[in-house]
Amino acid sequence: MTLAAATDLAGAATQLAAATNESLAEMSNVLIYSAMAVYTLAFFAYIAEWIFGSRSKVARTAAALTPKAQEAEGGPAVTVRQGGGTAVLERPKVAVRATAGTRDVPDGPGAHGGDEQGDLYGRIAVSLTVLAFLLALGGVVTRALSVERAPWGNMYEFNITFSTTAVGVYLALLALKKNVRWIGLFLTTAVLLDLGLAVTVLYTESDQLVPALHSYWLYIHVSTAILCGAVFYVGAMGTIMYLFKDSYENKLVNGGKPGAFATSVMERLPAASSLDKFAYRVNAAVFPLWTFTIIAGAIWAGDAWGRYWGWDPKETWSFITWVAYAGYLHARATAGWKGRKAAYLALAAFACWLFNYYGVNIFVSGKHSYADVGLGALAAVGF
Amino acid sequence: MSDTTTDTTAKAGDEQGIGAAGSQLSTAPREEQPNLPSLGVIGWARWFWRQLTSMRVALLLLLLLSLAAIPGSLIPQTGIDETRVADFREQHEVLAPVYDKLGLFNVYSSVWFSAIYILLFVSLIGCIVPRTWQFVGQLRGRPPRAPRRLDRLPAHTTWRTATEPEEVREAALALLKKRRFRAVLAGDAVAAEKGYLREVGNLAFHIALIVMLIAFAWGQLFKSEGNKLIVEGDGFSNTLPQYDDFKSGNLFDVGDLEPFSFTVKDFRGTYERSGPNKGTPRTYEAELTYSEGAYGEEKKTTVKVNKPLEIGDAKVYLVSHGYAPVVTVRDGNGEVVYRNAVPLLPLDGNVTSSGVIKVLDGYRNPEGEKEQLGFNAFFVPTFGGSASGTMLSQFPALDYPVLALSAYHGDLKADSGIPQSVYQMDKTKMEEFKDADGELFKQMLTPGETMTLPDGAGSVTFEKDVKEWAGFQIVQEPGGGWALGGAVVAIGGLAGSLFIQRRRVWVRAVKGADGVTVVEMGGLGRSESAKVPEELGDLAEILYDRAPGAPGPDGPHDPDDPTEASAAAADPPASDSATESDVEPAEGAEKQ
Ligand code: HEM
């Protein structure tokens, strides 16, 4: 029978391709496991940084906020301008001061607390994070090569891509000399959880689906969605730390005595206002990209499903997330909503993003349900 | 607006100890105390309007909108999946009527959801219009004058120079203008402002939101959407009667249908042969020839899943696919009474299909009476083999096609005037053909095989040529271009609004008591940003080159200068704090 012969032939060809793909897929798994091992080492190094940092006794926040310091009325400017025109050739220095209404608190020195050994561990931790990141990136790329498509066809792939992107964002901020090293511990913890979940619960065999049914809008849409998620995640970390640090500062201002542990941790973090600003900048910077992500999704839906907006659960939750972040940005411009209330809004918005990914994939069925069936089903909707 | 505004404005400025200089850095509406009006209707109306257009209410409406969107994602929606709504109704007899009352099956067109977004958009318009005027006013006016105490500003620097104050001011003015600040000389100081694009971006973004909403609403009102199933070789022209089903928005007019026609030349589908995604389509496309307008020239195109054919506002989507076995029916004398490709509807992913073959005219039974024939058809493109114990298809491609038919004769009641589905048979006046055991006569056929009806009633042949059909959705939704344009402007505006800092710089140069010129520079941004001191440092460095430092006593000594008082309290060698990095640009200014 000719039909059977043809099938055999096609089968042989697929098997040939399958062999290389399988070895790539295996390599990807090895890389991901190696990355997890190195992330674990980095995790311990960050912990060592925190532990050794606790030896030094920095209490600048406390110093700035205790009643004695407050006596220098008007809120002290943090830095001193040039100490008078003593020398002819000295250049002018810019003095910076907080605007009224915000507390003038110096930033903590970071997890190492100014301790040299702590700092060394911190540097080791960052190096290990870089190494783990490269391994994970290799894992993602080989996975993509093995499936011959973008690596986000199922939740396993999405998870490994997502955590790798989040670490990438962190490293990029470090490379830009932002004061973010303190995030390292929280980030590696979350990344280990995320990867652990990926390799145990969510693992999906590499499959060789080559969807001819794709659109570059889909690729743009999903990749920017992942990037936005990673950045929102970093922003949410900043927000949570802001809330803790703000409580700590409030306690100090009101004459309270925070516990030794809280003091040790909080004194090393940046000032609440810096954390708040950091979170705001991160969220604000990525908000236009999130807007673009939704629009790219709409364009793709217009091509694939015959309508660009149809209130599919995934679309709906993207919209909810978007409106929630818009609410957060508005809150920061609205008297009475600045500060903690706005921070809660930011966290709610991030919760929406998380639900959009995990919740909607698992609990809600819709056109986007690619939780386990792969991209093919996503594109093949409507058949 | 009234005096309240000015009051709060002044207060906001005073808080920073810098007077009016800090006001109006944004056109955001000021928060007003909700002092309840005692006036009549007009007073109330005005109060209500003010509330509605305040930032606080805009924020609440935004939050409400996101909350209100949630139920629609969790409860099945009529507009999205009617069968799931029907299932839900069956399972929840108590809840369903309550949900119906609350519009929860139609959240996004419900009264309450609409009320929220309409209020939000009224608020938005009420917000944009005054802000635009205010902004135009700011553009026409001049940057606000320098505050008395520049050292109260978030960024400040000063030095003494031998250069004359006028020269310093001239140099500062030239420098700021070169840096594209709007700068004016006012009294003993230069006032400059930059970053107006932020406000432009913000207004553009909010206006774009309105454009998008209107475009979307417009599209919904004038939208039309219909489906058409076409067997290879057949054609379609875009007129209402040609559609299998059709729905349209409230303001749609038949005359709005884009005139075009097309013919399906070929449908091609190939499927994954192995792996966990076996059976998933790889290629899935229909080759068409089409012509625009009534007599347009014929063109060729391929329609794929993500690639609709676009003609004017209309888009032709390939949405489904199935098989149409070609069947020939002969009467007892061997005369052909029917030959057609019969489209069958798929039941599962492997295209197990079912349908009906109806022979309406031309058939006479062995007694010579006019009669109609009907066959229930069941088709699988890949039969599992008789040993498999299943009649379901094993694969979507035509690997081992089998057609199963059961036969009826009688009256199909097709002329009763009630429109009939071509996929269902009304059996009330039909009689079964019986086999030898007295059971319903049925048979499985492979391509080329013929089944002979009992008692010389004729025969049915499953022809070798199995055709395919493609299902098309034809959607016409005007306003798409506007929505897209709005979206592009929205993103651009947003980026401008979020990434551009609006900031002010003042440079004051006056003769001190000892006859030496004291230069003071201050910078103010809308939000505290490291960029403002950085930029000020840059500017100071350049200006310093033009007006180099002069030796002097202890500098411009100011006994109640808080910065000096705090010098001891602060932590000068704080080598690694972020505050320090904020000041870095200033140190940059010190280098060279
Ligand atoms: C349709 C819903 C709305 C959305 C999605 C939205 C979104 C946004 C976003 C994302 C921003 C951030 C830009 C920035 O921080 O500069 C913003 C700013 C702003 N919005 Fe809206 N907005 C909406 C409605 C409104 C309404 C009704 C008002 C008027 C009451 C308003 C007034 C403002 C103002 C004044 C700003 C600038 C705040 C500032 O200067 O920082 N918006 N809006």
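Just so it is clear, the structure is predicted and the values come from calculations on it, not from any experiment.

Engineer: I'd like a description of the packing of helix α6 (residues 111-140) of chain B against helix α8 (residues 197-221) of chain B, backed by residues and values.
Structural biologist: All names here are of chain B. Two numbers describe how α6 lies on α8: the axes approach to 10 Å, and their chain directions differ by 145 degrees. As for the relative orientation of α6 and α8, their crossing is left-handed in sense. Across the interface between the two elements, Tyr-117, Phe-121, Leu-124, Ile-125, Ile-128, Arg-131, Thr-132 and Phe-135 of α6 pack against Glu-199, Val-200, Asn-202, Leu-203, His-206, Ile-207, Leu-209, Ile-210 and Leu-213 of α8. Of the residues in the contact of α6 with α8, the class split is 12 nonpolar, 3 polar and 2 charged.

Engineer: Mind laying out the environment of Asp-303 of chain A, listing which residues take part and the relevant values?
Structural biologist: Considering the arrangement of structural elements, one finds Asp-303 of chain A in helix α9 (residues 272-305). We classify Asp-303 of chain A as buried; its relative accessible area is 15%. In this structure, the C-alpha to C-alpha distance between Asp-303 of chain A and Trp-217 of chain A, residues 86 residues apart in sequence, is 9.2 Å. When sequence neighbours within four positions are dropped, the list of residues in contact with Asp-303 of chain A reads Trp-217 of chain A together with Val-305, Asn-306, Lys-307, Pro-308, Lys-315 and Tyr-317 of chain B.

Engineer: Break down the domain arrangement of chain A for me, with residues and values.
Structural biologist: Residue and element names in this part refer to chain A. For chain A, the domain assignment lists domain 1 (22-55 + 107-208) and domain 2 (214-371). Distance from the C-alpha centre of domain 1 to the C-alpha centre of domain 2: 21 Å. With 34 residues of domain 1 in contact, the opposing surface of domain 2 contributes 30 residues. Of the roughly 2700 Å² buried where domain 1 meets domain 2, counting both sides, 76% is carbon and sulfur surface. Counting every contact that joins domain 1 to domain 2 gives 0 salt bridges. For the pair domain 1 and domain 2, the number of links is 3 residue pairs in polar contact (both at pLDDT 80 or more). Mapped by element, the contributors of at least two residues to the side of domain 1 that touches domain 2 are α1 (2-53), α5 (155-175) and α6 (184-200). Per-element tally for the side of domain 1 that touches domain 2: the top contributor is α5, with 9 residues. By residue class, the composition of the side of domain 1 that touches domain 2 is 18 nonpolar, 12 polar and 4 charged.

Engineer: Help me get a handle on the environment of Phe-379 of chain B, residues and values and all.
Structural biologist: Residues and elements named next belong to chain B. For Phe-379, the location among the structural elements is in strand β15 (residues 372-380). We classify Phe-379 as buried; its relative accessible area is 0%. Taking the C-alpha atoms as reference, Phe-379 lies 44 Å from Leu-102; in sequence the two are 277 residues apart. With sequence-adjacent residues up to four places away left out, Phe-379 is seen in contact with Tyr-323, Pro-325, Leu-344, Val-351, Thr-352, Ser-353, Leu-398, Pro-401, Val-402, Leu-403, Phe-462 and Val-466.

Engineer: Would you mind going over the sheet that holds strand β7 (residues 260-271) of chain B in detail, with residue names and values included?
Structural biologist: Residue and element names in this part refer to chain B. Spatial strand order, β5-β7-β8-β9: 4 strands in an open sheet with antiparallel pairing. With partners counted over all chains shown, the strands left at the sheet margins are β5 (235-237) and β9 (299-304), one partner each. Ignoring strand direction, the axes of neighbouring strands in this sheet form an average angle of 30 degrees. Of the pairings in the sheet, the one linking β7 to strand β8 (residues 281-292) comprises 11 bridges and is antiparallel in character. Across the sheet, the residue bridging to Phe-267 is Ala-286, located in β8.

Engineer: Lay out the pattern of salt bridges with the relevant residues and their values.
Structural biologist: All names here are of chain B. Summed over all chains, the structure comprises 28 salt bridges over all chains. Among the ionic pairs, Lys-228 bridges to Asp-244, the shortest N-O distance being 3.7 Å. One end of the pair, Lys-228, is in strand β4 (residues 224-231); the other, Asp-244, is in the loop between β5 and β6 (245-248), and 16 residues separate them in sequence. For Lys-228, a relative accessible area of 18% gives the class buried. According to the relative accessible area criterion, Asp-244 is partly exposed, its value standing at 46%. Taken together, the salt bridges that share partners define one network made up of Arg-131, Glu-193, Glu-199, Arg-502 and Arg-504.

Engineer: Explain the sheet that holds strand β1 (residues 95-96) of chain A to me, and be specific about the residues and the numbers.
Structural biologist: Taken together, 6 strands build an open sheet; the order of strands is β1(A)-β1(B)-β22(B)-β21(B)-β3(B)-β2(B) and the sheet is antiparallel. Looking along the sheet, the strands with just one partner apiece sit at the ends: β1 of chain A together with β2 (182-186) of chain B. Here strand β21 (residues 503-511) of chain B runs beside strand β22 (residues 517-525) of chain B; their pairing, made up of 9 bridges, is antiparallel. Residue Trp-506 of chain B lies in a different strand from β22 of chain B, and its bridge partner there is Gly-522 of chain B. Docked against the sheet, helix α7 (residues 165-178) of chain B engages β1 (155-161), β2, β3 (189-194), β21 and β22 of chain B, running at close to 165 degrees with respect to β21 of chain B.

Engineer: Can you lay out the site of the ligand for me, pointing to particular residues and giving the numbers?
Structural biologist: Around the ligand, the structure places 28 residues, and the nearest of them are His-330 of chain A together with Cys-127, His-206, Ser-497 and Arg-526 of chain B. Around the ligand, the nearby residues trace back to chains A and B. The contact in question runs from an oxygen atom of the ligand to an N or O atom on the side chain of Asn-202 of chain B, over 3.4 Å. Counting residues per element, the ones that place at least two in the shell around the ligand are α10 (313-332) of chain A together with α3 (55-74), α6, α8 and α9 (480-499) of chain B. Here the shell around the ligand is built from residues that sort into 17 nonpolar, 8 polar and 3 charged.

Engineer: Could you give an account of α9 of chain B, with specific residues and numbers?
Structural biologist: Taking 1.5 Å per residue, 20 residues should reach 28 Å; α9 of chain B reaches 28 Å between its end C-alpha atoms and fits that length. Taken together, the buried positions of α9 of chain B are occupied by Ala-483, Gly-486, Ala-487, Ala-490, Ile-491, Gly-493, Leu-494, Gly-496, Ser-497 and Leu-498 of chain B. The elements touched by buried residues of α9 of chain B are α9 and α10 of chain A together with α8 of chain B.

Engineer: Explain the UniProt feature "transmembrane region" (unreviewed entry) in chain B to me, and be specific about the residues and the numbers.
Structural biologist: All names here are of chain B. In this structure's numbering, the residues bearing the UniProt feature "transmembrane region" (unreviewed entry) are residues 57-75, 111-133, 203-222 and 482-500. What you have in residues 57-75 is 95% helix and 0% strand, and the ends, taken at the C-alpha atoms, are 28 Å apart. Helix makes up 95% of residues 203-222 and strand 0%. Its end C-alpha atoms lie 29 Å apart.

Engineer: Describe in detail the coordination of the iron atom of the ligand, supporting the description with residues and values.
Structural biologist: Looking at the metal site, the iron atom of the ligand is ligated by His-330 of chain A (NE2) and His-206 of chain B (NE2), spaced 2.0 Å from it. Relative to the metal, the 6 donor atoms surrounding the iron atom of the ligand lie at angles of 74 to 179 degrees, and the coordination shape comes out octahedral. Taken as a pair, His-330 of chain A in helix α10 and His-206 of chain B in helix α8 lie in two separate chains rather than in one. Accessibility assignment for this pair places His-330 of chain A and His-206 of chain B in one class, buried.

Engineer: Summarise the UniProt feature "transmembrane region" (unreviewed entry) in chain A; cite the residues concerned and give the values.
Structural biologist: Residues and elements named next belong to chain A. Sequence positions flagged by UniProt for "transmembrane region" (unreviewed entry) are, in local numbering, residues 29-52, 124-146, 158-176, 183-204, 216-244, 278-301, 316-335 and 342-360. The span residues 158-176 shows a helical share of 95% and a strand share of 0%, and its end C-alpha atoms are spaced 27 Å apart. In the segment residues 183-204, helix accounts for 77% and strand for 0%; the C-alpha atoms at its two ends are 30 Å apart.

Engineer: Could you give an account of the packing of aromatic side chains, with specific residues and numbers?
Structural biologist: Under the defined criterion, the tally for this structure stands at 39 aromatic pairs over all chains. Measuring from ring centre to ring centre gives 6.4 Å for Trp-309 of chain A and Phe-319 of chain A, while their planes differ by 65 degrees; the resulting arrangement is edge-to-face. Of this pair, Trp-309 of chain A sits in the loop between α9 and α10 while Phe-319 of chain A sits in helix α10; the two residues are 10 residues apart in sequence, bridging distant segments of the chain. A relative accessible area of 16% places Trp-309 of chain A in the buried class. Look at Phe-319 of chain A and you get buried, because its relative accessible area is 17%. Ring centres 5.3 Å apart and planes at 80 degrees place the aromatic pair Trp-44 of chain B and Trp-47 of chain B in the edge-to-face group. In this pair, Trp-44 of chain B and Trp-47 of chain B are both assigned in helix α2 (residues 41-52), 3 residues apart and thus about one turn of the helix distant. Against the face of Trp-337 of chain A rests Lys-341 of chain A, its NZ or CZ located 5.1 Å from the ring centre.

Rules used throughout
- Residues numbered from 1 in each chain as written.
- Chains lettered and ligands numbered in written order.
- Predicted model: local features only at pLDDT ≥ 70, side-chain atom pairs only at ≥ 80, totals over all residues.
- Heavy atoms only, no water.
- Axes fitted to C-alpha atoms, helices over the stretch in contact; angles between N-to-C directions.
- Helix = DSSP H or I, 4+ residues; strand = E, 2+ residues; numbered from the N terminus.
- Left-handed = near helix turned anticlockwise from the far one by under 90°.
- Contact = heavy atoms within 4.5 Å.
- Nonpolar A, V, L, I, M, F, W, Y, C, P; charged D, E, K, R; others polar.
- Buried < 20%, exposed > 50% of the residue type's maximum accessible area, 1.4 Å probe, protein only.
- Domains from an automatic or database assignment.
- Buried area = accessible area lost by both parts, 1.4 Å probe.
- Salt bridge = Lys/Arg side-chain N within 4 Å of Asp/Glu carboxyl O.
- Polar contact = N/O pair within 3.5 Å; in protein donor to acceptor, adjacent residues only side chain to side chain.
- Pairing = 2+ DSSP bridges.
- Near = heavy atom within 4 Å.
- Expected span 1.5 Å × (residues − 1).
- UniProt positions renumbered as here; feature names shortened; annotations may be inferred.
- Donors = N, O, S within 2.8 Å, 3.2 Å for Na, K, Ca; no water.
- Tetrahedral: all angles 85-135°; square planar, octahedral: opposite > 155°, others 65-115°.
- Phe/Tyr/Trp six-rings, centres within 6.5 Å; stacked < 30°, edge-to-face > 60°.
- Lys NZ or Arg CZ within 6 Å of the ring centre and 35° of its normal.

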